[in-house]
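Summary of the model geometry
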Amino acid sequence: MNVGAIIRFQWVGLVVLTAICWALVGFQAAISLALGGVSYAVPSTLSALVLKLSSKQAQYAPLGFVISEGLKVILALILMTAIFVFYKEIRFIPYLLGLLFASHFVFLFFLRVHRYGKQ
């Protein structure tokens, strides 16, 4: 499983989860959930891009990893802060669920799929 597939799964899963949330709970909760997921998915996507670009030359791969992880953390904090400052109607629980989905579910899903049937 390559990084591109994980990023695509993250975005597709976020869209599907947002649509389900909109149908079950409403528009406001769906927007909050989407913003929570976007606040992690955007930095992850940019981090994957930096890793891909830096891996083309072996001498830049370690530096690319450090830069991509630093970029991911800083950009995630900036996006989270901006969302809470500029979007006053945020609902915290859907926001947190979107953030947790984008950051953890993808890896737990692929870990489970990878280990399925093994002991």
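Residues numbered from 1 in each chain as written. Predicted model: local features only at pLDDT ≥ 70, side-chain atom pairs only at ≥ 80, totals over all residues. Heavy atoms only, no water.

Under the annotation held in an unreviewed UniProt entry, the chain carries the name ATP synthase I chain and is attributed to Kingella negevensis. Taken verbatim from the UniProt record of the chain, the Subcellular location (unreviewed entry) comment is "Cell membrane". (UniProt positions renumbered as here; feature names shortened; annotations may be inferred.)

Assigned secondary structure in the chain consists of four helices and zero strands. From first element to last, N terminus to C terminus, the chain shows the α and β order α-α-α-α. Its C-alpha atoms put the chain at 50 × 40 × 20 Å along the principal axes. Going through the 119 residues of the chain one by one, you find that 34% of them count as buried. By sequence separation, contacts in the chain at least 24 residues apart represent 71% of the contacts at least 6 residues apart. Looking at the chain as shown, the accessible area adds up to about 7,900 Å², and 75% of this sits on carbon and sulfur atoms. (Helix = DSSP H or I, 4+ residues; strand = E, 2+ residues; numbered from the N terminus. Buried < 20%, exposed > 50% of the residue type's maximum accessible area, 1.4 Å probe, protein only. Contact = heavy atoms within 4.5 Å. Areas by Shrake-Rupley, 256 points an atom, 1.4 Å probe, with all protein chains shown as cover.)

Moving on, we come to the nonpolar core. If you look at soluble globular proteins, the nonpolar side chains tend to sit buried side by side. Listed in full, the six residues of the largest apolar core are Leu14, Cys21, Ala29, Ala30, Leu33 and Phe101. Those elements that place two or more of their residues in this core are α1 (3–24) and α2 (27–54). Contacts of Ala30, omitting those with residues within four sequence positions, involve Thr18, Cys21 and Trp22. (Core = buried A, V, L, I, M, F, W, Y, C linked by side-chain atoms within 4.5 Å.)

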